[in-house]
Amino acid sequence: VYDPRVGSHSESNPATWAFSRNPVLCLFDYLRNEDFGAGIPASEFDEAQIESAATFCDASVGSPSRIRYVCDGVVNTGQSIRQNIKNLLTCMNGRITYAGGKLRIEPAEYVTPHDVTLNEDIIIGDFTVTTKTPRQDNYNSVKGTYVSEHINYIKTEYPQQSSSVYEADDGGLHTLNLDLPFTTNTIRAQRLAKIVLLKSRMQSRIKAKLNAKALDYKLGDHVYVTNEKFGI
């Protein structure tokens, strides 16, 4: 695949490319491929962001140390492009966003909040806060399958990730199914599931109409919110 971080790689010359398990680069390749992918021109992507995200995926984490996110799977051209994109995103708990006229591939990571705080000076009109996710959308346990490298790459269940504290808060067990078709390592599968489990506690939602100061934000930004009326 093409790696924009490598000076010897030419986007227009596949002969200069190299093998990679980096999920950002693999998805970048699939989205650009005109034969079996989405056929999106490279110019439509935020290349600096792609490079940064790819480097984030390559970092080592944990003990024993292992690469943070890798792409180990098969793209089935018999499936829809949308489904293949969803499958590729699972190995980094990622998402695709469109901001500033460019596409971005964003793996799950902590991002420092924007330096402009969303406060009463920016909010105009209604400000609605929903503090609880509807029961049908709530979960306190995550289970699913991965393709085990230790069992001849057969689809296998990874250890269920759950929280007795969350379950007590919710008044019962509510399980989310998370299949990881591009993950072959059980530790990595559990870590991906744990990230999703922790997201289940991010339940507050805010809906507001903002003035022109909010143009500093872009889709996907993390922001600080302060509001005296709601005690935020």
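In case you missed it, the structure is sitting above this.
All values derive from a computational prediction rather than experimental measurement.

A. Geometry of the side chain of His 9. Inspection of the secondary structure assignment puts His 9 in the segment before helix 1 (23–32). Within the local environment of His 9, its side chain forms a polar contact with the backbone oxygen of Thr 16, the two atoms lying 3.2 Å apart.

B. Up close: helix 2 (residues 47–58). Taking 1.5 Å per residue, 12 residues should reach 16 Å; helix 2 reaches 17 Å between its end C-alpha atoms and fits that length. Along helix 2, the positions that sit buried rather than exposed are Gln 49, Ile 50, Ala 53, Ala 54 and Cys 57. An end-on view of helix 2 places all buried positions within 135 degrees of arc, on one side of the element.

C. Quick look at the packing of helix 1 against helix 2. Two numbers describe how helix 1 lies on helix 2: the axes approach to 7 Å, and their chain directions differ by 140 degrees. Taken together, the axis directions place helix 1 and helix 2 in an arrangement best described as oblique. Here Pro 23, Val 24, Leu 25 and Phe 28 of helix 1 come into contact with helix 2, specifically with Ile 50, Ala 53, Ala 54 and Cys 57. Here the contact of helix 1 with helix 2 is built from residues that sort into 8 nonpolar, no polar and no charged.

D. Seen up close, unusual backbone geometry. In this model, Ser 63 is joined to Pro 64 through a cis peptide bond whose omega is 5 degrees. Positionally, Pro 64 belongs in the loop between strand 1 (60–61) and strand 2 (66–67). Even without glycine at this site, Asn 93 takes up a positive phi of about 45 degrees. Within the element layout of this structure, Asn 93 appears in the loop between helix 3 (81–90) and strand 3 (95–99). Even without glycine at this site, Tyr 153 takes up a positive phi of about 55 degrees. Tracing the backbone through its elements, the reader meets Tyr 153 in the loop between strand 7 (145–148) and strand 8 (154–157).

E. The arrangement of a nonpolar patch on the surface in detail. On the surface, a nonpolar cluster with roughly 250 Å² of combined accessible area is contributed by Ile 206, Phe 230 and Ile 232. Structurally, the position occupied by Ile 232 is in the segment after strand 11 (205–210).

F. Examining the pairing of strand 7 more closely. As paired strands, strand 7 and strand 8 are joined by 4 bridges and run antiparallel to one another. Each residue of the ladder has a partner; that of Thr 145, found in strand 8, is Glu 157. Linking strand 7 back to strand 8 in an antiparallel pair, the connection comprises 5 residues, with Asn 152 at a positive phi of about 55 degrees.

G. Geometry of the pattern of salt bridges. Considering all chains together, one arrives at 9 salt bridges under this definition. A salt bridge links Lys 218 to Asp 221; the shortest N-O distance between them is 3.2 Å. Look at Lys 218 and you get partly exposed, because its relative accessible area is 37%. Classification of Asp 221 by relative accessible area gives partly exposed; the value is 25%.

H. Structural view of the environment of Val 74. Take Val 74: it is sitting in the loop between strand 2 and helix 3. For Val 74, a relative accessible area of 70% puts it in the exposed group. Note: C-alpha distance between Val 74 and Leu 88 (14 residues apart in sequence) is 9.2 Å.

I. View of the side chain of Asp 170. Its place among the elements puts Asp 170 in helix 4 (residues 164–170). By relative accessible area, which is 8% here, Asp 170 ends up buried. Within polar-contact distance, the side chain of Asp 170 engages the side chain of Asn 138 at 3.2 Å. Residues within four places of Asp 170 in sequence aside, it is in contact with Lys 132, Arg 135, Asn 138, Tyr 139, Asn 140 and Arg 201.

Here is what the cut-offs are and how they apply
- Residues numbered from 1 in each chain as written.
- Predicted model: local features only at pLDDT ≥ 70, side-chain atom pairs only at ≥ 80, totals over all residues.
- Heavy atoms only, no water.
- Helix = DSSP H or I, 4+ residues; strand = E, 2+ residues; numbered from the N terminus.
- Polar contact = N/O pair within 3.5 Å; in protein donor to acceptor, adjacent residues only side chain to side chain.
- Expected span 1.5 Å × (residues − 1).
- Buried < 20%, exposed > 50% of the residue type's maximum accessible area, 1.4 Å probe, protein only.
- Arc of directions from axis to C-beta.
- Axes fitted to C-alpha atoms, helices over the stretch in contact; angles between N-to-C directions.
- Parallel < 35°, antiparallel > 145°, perpendicular 65-115°, else oblique.
- Contact = heavy atoms within 4.5 Å.
- Nonpolar A, V, L, I, M, F, W, Y, C, P; charged D, E, K, R; others polar.
- Patch = residues over 30% accessible without salt bridge, like charges linked within 9 Å, V, L, I, M, F, W, Y side chains within 5 Å.
- Areas by Shrake-Rupley, 256 points an atom, 1.4 Å probe, with all protein chains shown as cover.
- Salt bridge = Lys/Arg side-chain N within 4 Å of Asp/Glu carboxyl O.
- Pairing = 2+ DSSP bridges.

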